[in-house]
Amino acid sequence: MRDTASGPRVLLKRLRELMQEPLEPQERLDRIVRDIASNMVAEVCSLYVLRADSVLELYATEGLNPNAVHLAQLRLGQGLVGTIAASARPLNLSNAQEHPAFAYLPETGEEIYNSFLGVPVLRAGRTLGVLVVQNKTMRHYRDDEVEALETTAMVIAEMIATGDLARLTRPGLELDLRRPVSFTGLSFNEGVGLGHVVLHEPRIVVTNLFNEDSEEEVRRLQASLGSLRLSIDDMLERREVAFEGEHREVLEAYRMFANDSGWVRRLEEAIRNGLTAEAAVEKVQSDMRARMLHMTDPYLRERMSDFDDLANRLLRQLMGRGPEDVAASLPKDAIIVARSMGAAELLDYPRDKLRGVVLEDGAATSHVVIVARAMGIPVAGQMKGAVSMAENGDAIIVDGEEGIIHLRPQPDLEAAYAEKVRFRARRQEVYRELRKKPSMTKDGVQVDLLMNAGLAVDLPQLAEAGAAGIGLFRTELQFMVASTFPRAEAQERLYRDVLDAARGKPVTFRTIDIGGDKVLPYFKGAIQEENPALGWRAIRLTLDRPGLLRTQIRALLKASGGRELKLMLPMVTELGEISQAREIIDREVRHLSRFAHHLPTSLKLGAMLEVPSLLFQLDELMKAVDFVSVGSNDLFQFVMAVDRGNTQLSDRFDTLSTPFLRVLKQIADAGARNHTPVTLCGELAGKPISAMALIGLGYRSISMSPASIGPVKAMLTELPLDELQAFFDDNLMAPAHGLPMRALLQAFADDRSIPL
Ligand code: PEP
Ligand code: MG
């Protein structure tokens with residue numbers, strides 16, 4: 001086939017040679033603009049680069065007054081150049097001076113040029129500068145010339161991105177791309193991470209920007225597009241439950257895009273202009289993203305992110321980049337920056353190199369966040385624009401406490417955070433030492449500190465945190481990170497792994513607690529509810545779908561053969577639910593023993609206390625079960641009528657308020673009266689001040705996230721329990737001076753130097 005654009009190809013070949021020559025950056029730029037001008041038969045070619053102060057500075061010119069280089073400047077939005085940068089779109093004018101935005105810069109001597117073609121220098125949809133050609137004659141540049149200039153601009157974007165021009169900047173007038181920026185979003189998981197950016201979505205590198213043989217590249221593109229289409233068709237045809245509903249719509253959209261002739265034509269055109277297939281995908285995507293930047297229609301924005309995702313899949317196909325290659329090239333302090341990400345994708349990265357995760361989208365409850373939390377990785381989310389501002393290898397700080405990220409931080413900020421990380425590490429060292437100490441109050445009362453878990457990735461924490469066992473294993477997490485219902489065998493395998501990892505330490509499995517905010521996209525039976533928190537969830541749902549519960553119970557019984565099985569039911573509202581569940585369990589036990597299965601040595605059945613109705617039948621409850629576990633997250637939500645996920649209300653009511661503490665005391669007393677063990681496994685157990693209160697109220701076993709065990713144990717070993725009990729005797733029914741309980745507890749701890 002005839003090469004339709006030999007001009008651009010020759011130019012790109014020249015540029016490749018120039019990039020390889022050992023030149024000073026200014027000289028390289030000067031030669032680039034000279035070559036572009038001569039190749040495009042233009043009298044002028046100029047490059048403007050965007051600075052951090054939103055000013056476009058002339059960096060190189062062929063044809064304009066050379067003394068204006070680094071002096072001539074335009075604000076973003078000012079003049080033709082500023083308009084191109086602000087809109088991220090090219091301008092092609094035969095009579096530039098007639099354009100309303102035209103601004104004359106006397107130092108450049110450009111008044112004699114009539115025709116003007118300017119294109120934005122783009123990278124990942126973000127404008128880094130503007131490249132312009134001008135002619136004296138009034139002419140309209142052809143489409144292939146616009147395309148050629150855009151392709152050339154891409155090479156310049158690479159030069160800017162790799163830091164090549166950094167030496168040409170003056171102090172205080174740095175390039176926009178290297179500007180330190182901070183983003184404020186939301187904290188999805190605590191912790192602070194310092195490291196270097198790893199963009200989750202691949203971005204091309206300069207070494208594979210230019211092609212040697214465009215026909216061969218077009219063939220590669222077609223082959224990859226072919227496999228991409230096949231994989232989408234395959235997913236659609238498999239008709240897996242996971243791909244029904246919304247998932248299916250997304251895939252249908254992908255299929256449509258993958259066959260979109262406009263997209264494919266633009267890709268091929270970019271290759272024929274001299275780019276590799278990878279660079280062509282990046283270029284077309286970057287142009288499209290820049291053009292859609294100002295789009296407000298949420299539907300179109302959503303489609304754009306589908307398109308992005310598709311382009312990334314195509315890039316991965318072309319680069320043949322599997323998870324292993326990703327792992328090998330990872331820095332040892334990787335901070336993954338992604339628009340969005342699946343839970344399984346995070347698990348592809350080696351844990352020992354991960355220092356943090358930054359997401360543009362996502363929610364605290366998204367699956368990737370659940371997994372990151374289980375792995376103890378700081379996560380900051382809702383960081384709009386972070387992906388296009390970040391470059392692979394940039395220094396970055398993730399502050400998971402505040403929900404802030406700092407990209408390319410100034411040295412003093414970096415030093416402050418490094419100190420914070422060192423401080424945390426020293427504290428961790430203290431906690432590690434504490435593991436060897438008995439888990440007792442200062443006056444020798446034993447308190448079991450257990451951890452909450454839910455995935456296989458949590459298990460190593462059992463030993464690391466020094467937990468006495470797993471007080472809450474949230475079995476629904478396996479269901480939430482999967483794309484279809486986990487099969488019985490997969491459930492059994494996980495439960496067995498958990499028990500093996502616990503090495504005889506107690507583990508309490510909670511039956512699947514879905515519904516409310518825990519949604520399974522593939523669960524077809526889910527219903528629309530006005531009040532999901534009060535709706536069809538947890539034990540209510542599983543009693544109505546006994547097949548689900550039966551499969552799980554059978555898997556649990558089999559996995560616990562020869563060991564103790566502790567099982568608890570979430571969201572119990574009335575005692576009848578416990579007996580119904582017990583019937584199902586008994587039936588499964590009978591079934592397994594009939595087939596001579598190895599059964600658990602003992603089976604303990606407990607109920608979670610999360611619904612206030614149980615507070616008015618505490619003695620009956622204690623008699624109906626082997627143990628009770630207070631789910632303080634839900635119990636607080638229902639006692640105070642406050643949605644646990646509503647950030648507007650999160651600081652309004654105090655979990656240590658007198659009425660709630662009185663409720664907690666009644667539960668502990670009822671447990672003691674009936675000799676029924678009571679534990680608590682909500683977030684309340686993980687804060688040293690509230691853990692202290694719980695112990696004072698009579699709790700001798702509490703379960704929390706693994707990271708909390710150290711701080712809670714540091715408090716525990718300094719706590720004189722007899723004094724705290726006396727404190728509650730005096731204050732629980734009549735708080736001193738009418739002060740809030742939290743303040744009184746804080747003062748109690750301060751007076752005795754108890755670390756909180
Ligand atoms: C709770 O409600 O306190 C609890 C431990 O369960 P979850 O947070 O999983 O609802
Ligand atoms: Mg709960």
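Cut-offs used in this document
- In this numbering scheme, every chain counts its residues from 1 along its sequence in written order.
- Here every chain gets a letter starting at A, and every ligand a number starting at 1, in the order they are written.
- Under the rules for a predicted model, residues below a pLDDT of 70 receive no local features and side-chain atom pairs below 80 are neither given nor counted, while totals for whole chains, interfaces and linings still include all residues.
- Values shown for side chains rest on all heavy atoms present in the structure; no hydrogens or waters enter the calculation.
- Each helix is a run of H or I in the DSSP string that is no shorter than four residues. Each strand is a run of E no shorter than two, and both are numbered from the N terminus.
- Using a 1.4 Å probe on the protein chains alone, a residue whose accessible area is under 20% of its type maximum counts as buried, one over 50% counts as exposed, and one in between counts as partly exposed.
- Whether two residues touch is decided by their heavy atoms; if any such pair falls within 4.5 Å, the residues are in contact.
- Only the protein chains shown count as cover for residues, and all accessible areas are computed by the Shrake-Rupley method using a 1.4 Å probe.
- Asp and Glu count as negative and Lys and Arg as positive, but His and the ends of the chain are not part of the count.
- Taken as the charge location is NZ of Lys, CZ of Arg, CG of Asp or CD of Glu.
- Only N, O and S atoms count as donors, using a 2.8 Å cut-off from the metal and 3.2 Å for Na, K and Ca, and because water is excluded some sites may appear unfinished.
- Two strands make a pair as long as DSSP finds a minimum of two bridges between them.
- The axes used here are C-alpha line fits, helices contributing only the stretch in contact, and every angle between their N-to-C directions lies in the interval 0 to 180 degrees.
- Domain start and stop points were drawn from an automatic or database domain assignment.
- Two parts placed together each lose some accessible area; with a 1.4 Å probe, that loss summed over both constitutes the buried area.
- Between Lys or Arg on one side and Asp or Glu on the other, a salt bridge is scored when a side-chain nitrogen of the former is within 4 Å of a carboxyl oxygen of the latter.
- We define a polar contact as two N or O atoms separated by no more than 3.5 Å, with the added condition that, inside protein, one atom must be a possible hydrogen donor and the other a possible acceptor, whereas residues neighbouring each other in sequence contribute only through side-chain atom pairs.
- By convention in these notes, a residue is near a molecule or strand provided one of its non-hydrogen atoms lies within 4 Å of it.
- Under the scheme applied here, ten amino acids are nonpolar (Ala, Val, Leu, Ile, Met, Phe, Trp, Tyr, Cys and Pro), four are charged (Asp, Glu, Lys and Arg), and all others, including Gly, are polar.
- Angles below 35 degrees are treated as roughly parallel, those above 145 as roughly antiparallel, those between 65 and 115 as roughly perpendicular, and all remaining angles as oblique.
- Helix crossings get a hand from a simple test, with the near helix turned counterclockwise from the far one by less than a right angle marking a left-handed crossing and a clockwise turn marking a right-handed one.
- By convention a nonpolar core is built from buried Ala, Val, Leu, Ile, Met, Phe, Trp, Tyr and Cys residues, the set being connected through side-chain atoms within 4.5 Å.
- Patch building starts from residues that exceed 30% relative accessible area and form no salt bridge, then joins like charges within 9 Å and nonpolar side chains (Val, Leu, Ile, Met, Phe, Trp, Tyr) within 5 Å.
- Expected helix span is computed as 1.5 Å times (number of residues minus one).
- UniProt positions are given in the numbering used here, feature names are shortened, and annotations may be inferred rather than shown by experiment.

**Some remarks on the overall build of the chain**
Helix and strand counts for the chain stand at 27 helices and 22 strands. Dimensions of the chain along its principal axes, counting C-alpha atoms only, are 100 × 60 × 45 Å. Out of the 756 residues belonging to the chain, those deemed buried represent 53%. Long-range pairs, those at least 24 residues apart, make up 67% of the contacts in the chain between residues at least 6 apart in sequence. Only carbon and sulfur atoms are counted for the fraction: they give 52% of the accessible area of the chain, which is about 32700 Å². The positive charge centre, built from 90 side chains, and the negative charge centre, built from 105, are 4 Å apart in the chain.

**Digging into the coordination of the magnesium ion (ligand 2)**
At 2.0 Å from the magnesium ion (ligand 2) lie its protein donor atoms, namely E610 (OE) and D634 (OD). Of this pair, E610 sits in the loop between β19 (602–609) and α21 (618–624) while D634 sits in helix α22 (residues 632–640), placing them 24 residues apart in sequence. In this pair, the class of E610 matches that of D634, namely buried.

**Brief notes about the sheet that holds strand β3 (residues 73–75)**
Pairing within the open sheet is antiparallel, and its 6 strands lie in the order β3-β2-β1-β6-β5-β4. Each edge of the open sheet is held by one strand with a lone partner, namely β3 and β4 (91–93). Each neighbouring strand pair of the sheet contributes to a mean axis angle of 20 degrees, computed without reference to strand direction. In terms of strand pairing, strand β1 (residues 44–50) meets strand β6 (residues 126–135) through 6 bridges, oriented antiparallel. Within β6, the residue paired with L47 across the bridge is L131. Where helix α2 (residues 25–39) meets the sheet, its contacts fall on β1, β2 (55–62) and β6, and the angle it forms with β2 comes to roughly 70 degrees.

**Remarks on the domain arrangement of the chain**
Segmenting the chain into domains produces domain 1 (6–162), domain 2 (181–201 + 339–423), domain 3 (214–324) and domain 4 (436–752). In this complex, domain 1 contributes 17 residues to the contact, which on the side of domain 3 involves 18 residues. Summed over both sides, the interface of domain 1 with domain 3 buries roughly 1400 Å², with 52% coming from carbon and sulfur. With a shortest N-O distance of 3.3 Å, E150 and K283 are connected by a salt bridge. Along the contact surface separating domain 1 from domain 3 lie 1 residue pair in polar contact (both at pLDDT 80 or more). Mapped onto the side of domain 1 that touches domain 3, the elements with two or more residues apiece are α1 (6–20), α3 (79–87), β5 (115–123) and α4 (143–161). With 5 residues, α4 is the single largest residue contributor to the side of domain 1 that touches domain 3.

**Quick look at the site of ligand 1**
In the region of ligand 1, 14 residues are neighbours, and R510, K518, E610, N633 and R644 sit closest. In this structure, D634 approaches ligand 1 through a main-chain N or O atom, which is 3.0 Å from an oxygen atom. Calculation on ligand 1 without its partners gives an accessible area of 290 Å², and the protein chains cover 99% of this total. Those elements that provide at least two residues to the shell around ligand 1 are β16 (470–474) and α22. Per element, the largest residue contribution to the shell around ligand 1 is 3 residues, and it comes from α22. Its residues assigned to classes, the shell around ligand 1 comprises 3 nonpolar, 4 polar and 7 charged.

**Description of the packing of helix α7 (residues 261–272) against helix α8 (residues 277–291)**
Put simply, α7 and α8 touch, their axes get as near as 8 Å, and they point 125 degrees apart. Taken together, the axis directions place α7 and α8 in an arrangement best described as oblique. Crossing of α7 over α8 shows right-handed handedness. Where α7 abuts α8, its residues W263, R266, L267, A270 and I271 lie against A277, A280, V281, K283, V284, Q285 and M288.

**Some details on the nonpolar core**
Core analysis: the largest hydrophobic core is formed by 120 residues, its most contacted members being I667 and Y699. In this structure, Y699 is in contact with V630, L664, I667, A668, V678, T679, L680 and L694, ignoring residues within four places of it in sequence. Grouped together as the second largest cluster of nonpolar side chains are 65 residues, L29, M40, I160 and L165 included.

**Topic: a positive patch on the surface**
A cluster of basic side chains, namely R550, R587, R590 and R594, defines a positive patch on the protein surface. Looking at which element gives the most residues to the positive patch, the answer is helix α20 (residues 575–594), with 3 residues. With respect to the secondary-structure elements, R594 resides in helix α20.

**Re unusual backbone geometry**
Residue V41 is not a glycine yet carries a positive backbone phi of 50 degrees. Position of V41 relative to the elements: it lies in the loop between α2 and β1. Residue V41 is classed as exposed on the basis of its relative accessible area of 62%. Even without being a glycine, Q382 presents a positive backbone phi close to 55 degrees. Mapped onto the fold, Q382 is located in the loop between β12 (379–381) and α13 (386–389). On the basis of relative accessibility, which here comes to 28%, the residue Q382 falls in the partly exposed class.

**Digging into the side chain of E610**
No salt bridge is formed by the buried E610, whose closest oppositely charged neighbour, R510, lies at an N-O distance of 4.5 Å. A distance of 2.8 Å separates a polar atom in the side chain of E610 from the backbone nitrogen of M571. Discounting residues that sit within four places of it in the chain, E610 has contacts with P570, M571, G631, D634, L635 and F638.

**Here we look at α2**
Between the first and last C-alpha of α2 there are 21 Å, a value that for 15 residues agrees with the 21 Å anticipated at 1.5 Å per step. Every buried residue of α2 is accounted for by P25, Q26, R28, L29, I32, V33, D35, I36 and A37. Just downstream of α2 lies V41, where phi reads positive at about 50 degrees.

**Side note on the UniProt feature "domain: GAF" (unreviewed entry) in the chain**
With numbering matched to this structure, UniProt assigns "domain: GAF" (unreviewed entry) to residues 24–170. Secondary structure content for residues 24–170 is 29% helix and 27% strand, while the C-alpha to C-alpha distance between its ends is 16 Å.

**Overview of the packing of α22 against helix α23 (residues 658–673)**
In contact at an axis separation of 11 Å, α22 and α23 are set at 125 degrees when each is read in the N-to-C sense. Taken as axis vectors, α22 and α23 run oblique relative to one another. The way α22 lies across α23 gives a crossing that is right-handed. Two secondary-structure elements touch here, α22 through S632, L635, F636 and V639 and α23 through F660, V663 and I667.

**Re the sheet that holds strand β13 (residues 395–399)**
Sheet architecture is open: 8 strands sit in the order β7-β14-β13-β9-β10-β11-β12-β8, paired in mixed fashion. Both edges of this open sheet fall to β7 (181–184) and β8 (186–189), since each of them pairs with a single strand only. Strand after strand, the sheet turns through a mean of 30 degrees between neighbouring axes, direction not considered. Pairing of β7 with strand β14 (residues 404–407), which is carried by 4 bridges, proceeds in the antiparallel orientation. Counted as the bridge partner of T184 is I404 from β14. Strand contacts of helix α12 (residues 367–375): β8, β11 (354–359) and β12, with the helix running at about 60 degrees to β8, the strand carrying the most contacts. Across the sheet, helix α14 (residues 411–434) lies against β9 (192–199), β13 and β14, angled at about 120 degrees from β9, the strand it touches most.

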